[in-house]
Amino acid sequence: ATLSALLAVVERFLPGIDLTFGQGIALGAHVDAGSIDGVQIMRVTGGIGDANWFSYTMATAVPLCLYWYNTAQTVWLRLAAVAMALLQLMGVVLSYTRTPLIGLAGVVMYLVWKRKLPLGPLLLASVLGLATAPLWLPQGFVDRFLSEKYLREGSTPMRREIFGMAVQLIAQRPALGHGYQQFGPQFIQQSKTEMGDEWKRRDEDGSEPAHLLRAHNLYLDVWVMHGAIGLVPLVLFYLLLLRELGQVAAH
């Protein structure tokens, strides 16, 4: 994750890098000129190929740095853990993705509640971060996250339509589902909106094949494809995993 974060920093400050290795694997930032009026933002991918996937990877790795910091035996290892966490947090910011920040906020509240993070230093760091935000936040970051216009016209309405179609498809075949990688083809076939037309155009010109389109939600996606007989084992697996993690934490 740290190497990926380093790649993201290189992408940001050496924007000429643009390498594609096939099968969605790429190195290079994605330029987004349509999200915010008058602002062209550059979303890093860290070699993962997609800014969203990259940011989720960073958000997953950041809490591990706290564990490494607490278990480190030397000052140098603790400094390395801090450096890794800062690089990964920088990656989240440079990806311009909202979901990981919401997830990390939840993680921080949970760790404070479990007394794994001291509240005083955390509040001090938060105040310092907010006070210096104009110096380190990239252009357009606040607008992308807080703009009412972007909330109305950005990816939020798109996801609402995607979730609605997923619920519709689940209602049609709740038990057995529509089959593997069938969300996209079914969306194109049943949609009566501009998004459906756009996805159909992308599928026909090969820029985004329909079978790669997903429901933007793991549980809805699995339910659409594999029905309840696929969803139930998945949820059961996660519940058993959480129970086992609880047992490990207790000892």
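Trainee: Hey, could you run me through the overall build of the chain in this one?
Mentor: Helix and strand content of the chain: 11 helices and four strands. Buried positions account for 33% of the 251 residues belonging to the chain. When contacts within the chain are restricted to residue pairs at least 6 apart in sequence, those whose partners lie at least 24 apart make up 60%. With an accessible surface of roughly 15900 Å², the chain has 66% of that area assigned to carbon and sulfur atoms.

Trainee: Which parts of the structure should I look at to understand the environment of leucine 64?
Mentor: Considering the arrangement of structural elements, one finds leucine 64 in helix α2 (residues 51-71). On the basis of relative accessible area, leucine 64 is assigned to the partly exposed category, the value being 42%. As for leucine 64 and methionine 84, which are separated by 20 residues in sequence, their C-alpha atoms are 9.8 Å apart.

Trainee: How should the packing of α2 against helix α3 (residues 75-95) be read in this particular structure?
Mentor: Helices that pack against each other are described as a pair by the angle of their axes relative to one another and the distance between those axes. Remark: α2 packs on α3, axes separated minimally by 8 Å, with the N-to-C direction vectors making an angle of 160°. Taken together, the axes of α2 and α3 are roughly antiparallel relative to one another. α3 is crossed by α2, and the crossing has left-handed handedness. The segment α2 lies against α3, with Ala51, Phe54, Ser55, Met58, Ala59, Ala61, Val62, Cys65, Trp68, Tyr69 and Asn70 engaging Arg78, Ala81, Val82, Met84, Ala85, Gln88, Leu89, Gly91, Val92 and Ser95. Its residues assigned to classes, the contact of α2 with α3 comprises 15 nonpolar, five polar and one charged.

Trainee: Help me out: how do you make sense of the packing of aromatic side chains in this one?
Mentor: If you walk through the whole model with that rule in mind, you get six aromatic pairs. A ring pair is formed by phenylalanine 183 and phenylalanine 187, whose centres lie 5.9 Å apart and whose planes are at 50°; its orientation type is tilted. With a gap of four residues between them, phenylalanine 183 and phenylalanine 187 both fall in helix α9 (residues 183-190), about one helical turn apart. Comparing phenylalanine 183 with phenylalanine 187 shows no difference in burial state: the two are buried.

Trainee: Would you explain helix α4 (residues 98-113) in this entry?
Mentor: Owing to its 3.6 residues per turn, the α-helix brings residues three or four apart onto one side. Compared with an ideal rise of 1.5 Å per residue, which puts 16 residues at 22 Å, α4 spans 23 Å between its outermost C-alpha atoms and is within 8% of the ideal. Burial in α4 covers these residues: Arg98, Pro100, Leu104 and Leu111. Burial along α4 is one-sided: seen end-on, the buried residues are contained in an arc of 160°. Projecting away from the buried face of α4 at angles above 90 degrees are the exposed residues Ile102, Met109 and Trp113.

Trainee: Please clarify how the confidence of the model for the chain should be interpreted in this entry.
Mentor: In the predicted model, the chain carries a mean pLDDT of 85, and the fraction of residues at 70 or more is 87%. For the chain, strand β1 (residues 19-22) is the element with the lowest average pLDDT, namely 54, and α3 is the one with the highest, namely 94.

Trainee: Explanation requested: the side chain of glutamine 181 in the structure shown.
Mentor: Along the chain, the position of glutamine 181 falls in the loop between α8 (155-172) and α9. In this structure, glutamine 181 is in contact with His211, Leu212, Arg214 and Met225, ignoring residues within four places of it in sequence.

Trainee: For this particular structure, what's the right way to read unusual backbone geometry?
Mentor: For residues other than glycine, phi is negative in most cases, and the peptide bonds are mostly trans. The residue tyrosine 96 is not glycine, and still its phi comes out positive at about 60°. Inspection of the secondary structure puts tyrosine 96 in the loop between α3 and α4. Look at tyrosine 96 and you get buried, because its relative accessible area is 1%.

Trainee: Please clarify how the packing of helix α1 (residues 2-13) against α3 should be interpreted in this entry.
Mentor: Two elements in contact, α1 and α3, have axes whose closest approach is 9 Å; the angle formed by their N-to-C orientations is 50°. One finds that α1 runs oblique with respect to α3. The two elements α1 and α3 cross, and the hand of that crossing is left-handed. Along the contact surface, α1 presents Thr2, Ala5, Leu6, Val9 and Arg12, while α3 presents Met84, Leu87, Gln88, Met90 and Leu94.

Trainee: In this structure, what is going on with the nonpolar core? I would like to understand it.
Mentor: In summary, soluble globular proteins display a tendency toward joint burial of nonpolar side chains. Counting residues in each nonpolar core, the largest one holds 15 residues, and the members touching the most others are Ile162, Ala166, Phe183, Phe187, Trp199 and Val224. Going through the elements one at a time, α8, α9, α10 (194-205) and α11 (218-250) are the ones with two or more residues in this core. If we skip the residues at most four places from it in the chain, phenylalanine 187 touches Glu161, Ile162, Met165, Met195, Gly196 and Trp199. Membership of the second largest hydrophobic core comes to 10 residues, among which are Val44, Ala59, Leu94 and Leu104.

Thresholds applied
Residues numbered from 1 in each chain as written. Predicted model: local features only at pLDDT ≥ 70, side-chain atom pairs only at ≥ 80, totals over all residues. Heavy atoms only, no water. Helix = DSSP H or I, 4+ residues; strand = E, 2+ residues; numbered from the N terminus. Buried < 20%, exposed > 50% of the residue type's maximum accessible area, 1.4 Å probe, protein only. Contact = heavy atoms within 4.5 Å. Areas by Shrake-Rupley, 256 points an atom, 1.4 Å probe, with all protein chains shown as cover. Axes fitted to C-alpha atoms, helices over the stretch in contact; angles between N-to-C directions. Parallel < 35°, antiparallel > 145°, perpendicular 65-115°, else oblique. Left-handed = near helix turned anticlockwise from the far one by under 90°. Nonpolar A, V, L, I, M, F, W, Y, C, P; charged D, E, K, R; others polar. Phe/Tyr/Trp six-rings, centres within 6.5 Å; stacked < 30°, edge-to-face > 60°. Expected span 1.5 Å × (residues − 1). Arc of directions from axis to C-beta. pLDDT = per-residue confidence, 0-100. Core = buried A, V, L, I, M, F, W, Y, C linked by side-chain atoms within 4.5 Å.

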